[in-house]
Amino acid sequence: ATIAVQKKDEGSAYSRLMELIGLEEAKKVICQIKDYYTAQRIFKDRGFSVDHPAMSMVFTGNPGTCKTTVARLVAEIFRDCGILANGKLIECGRGDLVGRYVGWTAPTIQKKFKEADGSGLFIDEAYSLIDDRNGSYGDEAINTLVQEMENHRDNVLVIFAGYPREMENFLDRNPGLRSRIAFHVHFDDYSADELCRIAAMIAKQKGLSIAEDAEEKLHCVFERLRKQPDFGNGRAARTIIETARMRMATRLLKGDISNLTEKQVTTIVQEDIDEQFCRRDQERLQQRRVIGF
């Protein structure tokens, strides 16, 4: 889910990264990466003998932690720093890399790297390239990626993204893959306070505000949702606000429509926050208690 401020003409990509809610640890690491590559470029321009670091990263984190949005901004930041020729980000997954027939996968990946020349290549859910057996199409894809990363180490920013545990298995699949990853950036789950800020931002983008009693209820819902194993982070915040809009419409239609004020039709109140999010969490916790005694 994209939860960045959408006014792209205001400020640099770096400024927009800093304006994102939360993600403090990820921001810190990305700032260090930016400084490192910028320093290497400056040293090289001044004639110093410097290392040629590979431009490759792994983004790990749970769903809805803004990995894709940050990857787009990183590509722009690298362009602004003169590290990449442009700020494009080519986004792809397994279906874009693995060929349907024998011999198709390597040329497909090589074509992707040519398309990403001077820009970024973002491979989401990279662990999906792992197949159940060795020597499969997925292994061919990973082997080709390792080779192309070496061939384009100076002109293509490669970012792999996915869940933490699954990405560890992915990196272990090929001995040369982990050694070509320059940086590992982890995206923490959002806190309940951060999720409330995200929900308020999403509501504001839709011309809505959230009443104080609704904010308190939202915080309670987010505290409970964060305990679920399949919690969606920023996506959950967006879903809750979308649901609140529909519940608000139903609530208002049941009242005196002729005397509605602008504040009433633009304010989410406590009643509009769906209790199902709370009940669903309680039911799952109860099931785990029963199963695990």
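Quick caveat, the model's predicted, so the values are computed rather than measured. (Residues numbered from 1 in each chain as written. Predicted model: local features only at pLDDT ≥ 70, side-chain atom pairs only at ≥ 80, totals over all residues. Heavy atoms only, no water.)

The next subject is the sheet that holds strand 2 (residues 89–92). Neighbouring strands of a sheet are bound in pairs by backbone hydrogen bonds; such pairs are parallel or else antiparallel. Strand order in the open sheet formed by five strands is 2-3-4-1-5, and the pairing between neighbours is parallel. Here the strands that pair on one side only, and so sit at the sheet edges, are strand 2 and strand 5 (183–187). This sheet shows a mean twist of 20° between the axes of neighbouring strands, independent of strand direction. Here strand 1 (residues 56–61) runs beside strand 5; their pairing, made up of five bridges, is parallel. If you follow Thr 60 over to strand 5, its bridge partner there is His 186. (Pairing = 2+ DSSP bridges. Helix = DSSP H or I, 4+ residues; strand = E, 2+ residues; numbered from the N terminus. Axes fitted to C-alpha atoms, helices over the stretch in contact; angles between N-to-C directions.)

Let us now look at a nonpolar patch on the surface. Taken together, the side chains of Leu 253, Ile 257, Leu 260 and Val 265 make up a nonpolar region of the molecular surface, amounting to roughly 330 Å² of accessible area. Within the secondary structure, Val 265 sits in helix 12 (residues 262–265). (Patch = residues over 30% accessible without salt bridge, like charges linked within 9 Å, V, L, I, M, F, W, Y side chains within 5 Å. Areas by Shrake-Rupley, 256 points an atom, 1.4 Å probe, with all protein chains shown as cover. Salt bridge = Lys/Arg side-chain N within 4 Å of Asp/Glu carboxyl O.)

Leaving glycine out, the prevailing phi sign among residues is negative, and the prevailing peptide bond configuration is trans. The backbone of Leu 23 sits at a positive phi, close to 60°, despite the residue not being glycine. Mapped onto the secondary structure, Leu 23 falls in the loop between helix 1 (13–19) and helix 2 (24–45). In this structure, Glu 125 takes a positive phi of about 50° despite not being glycine. Inspection of the secondary structure puts Glu 125 in the loop between strand 3 (120–123) and helix 6 (137–151).

Before going further, it helps to spend a moment on the packing of aromatic side chains. What the rule picks out here adds up to nine aromatic pairs. Ring geometry for Phe 43 and Phe 48: centres 6.4 Å apart, planes at 65°, overall edge-to-face. Residue Phe 43 is classed as partly exposed on the basis of its relative accessible area, which comes to 36%. Among the aromatic side chains, those forming a connected cluster through ring pairs are Tyr 36, Tyr 37, Phe 78 and Phe 183. It is Lys 34 that lies over the ring of Tyr 14; its NZ or CZ is 5.0 Å from the centre. (Phe/Tyr/Trp six-rings, centres within 6.5 Å; stacked < 30°, edge-to-face > 60°. Buried < 20%, exposed > 50% of the residue type's maximum accessible area, 1.4 Å probe, protein only. Lys NZ or Arg CZ within 6 Å of the ring centre and 35° of its normal.)

Residues Gly 120 and Phe 122 of strand 3 are buried on one face, and the alternating residues Leu 121 and Ile 123, pointing to the opposite face, are buried as well. Relative to strand 3, strand 2 runs parallel, the two sharing four bridges. The residue bridging Glu 91 from the neighbouring strand is Phe 122, located in strand 3. Judged from the four bridges that link them, strand 3 and strand 4 (residues 157–162) form a sheet pairing that is parallel. Looking at the pairing, Ile 123 lines up with Phe 160 of strand 4.

Attention shifts here to helix 6. Between the first and last C-alpha of helix 6 there are 21 Å, a value that for 15 residues agrees with the 21 Å anticipated at 1.5 Å per step. Buried within helix 6 we find Gly 138, Asp 139, Ala 141, Ile 142, Thr 144, Leu 145, Val 146, Glu 148 and Met 149. (Expected span 1.5 Å × (residues − 1).)

A separate point is the pattern of salt bridges. Counted under the stated rule, the structure contains 18 salt bridges. For Arg 79, the salt bridge identified is with Asp 80, shortest N-O distance 3.0 Å. Overall, the relative accessible area of 35% leaves Arg 79 in the partly exposed class. A salt bridge links Lys 112 to Glu 115; the nearest nitrogen and oxygen atoms lie 3.6 Å apart. Of this pair, Lys 112 and Glu 115 both sit in helix 5 (residues 105–115), three residues apart, which is roughly one turn of the helix. Exposure remark for Lys 112: the relative accessible area of 15% places this residue in the buried category. Ionic contacts of the salt-bridge type, sharing partners, join the residues Arg 16, Glu 76, Arg 79 and Asp 80 into one network.

The next thing to look at is the pairing of strand 4. Across the six residues that make up strand 4, a large majority, six, are buried. Alternating positions in strand 4 separate into two faces, Leu 157, Ile 159 and Ala 161 on one and Val 158, Phe 160 and Gly 162 on the other, with burial throughout.

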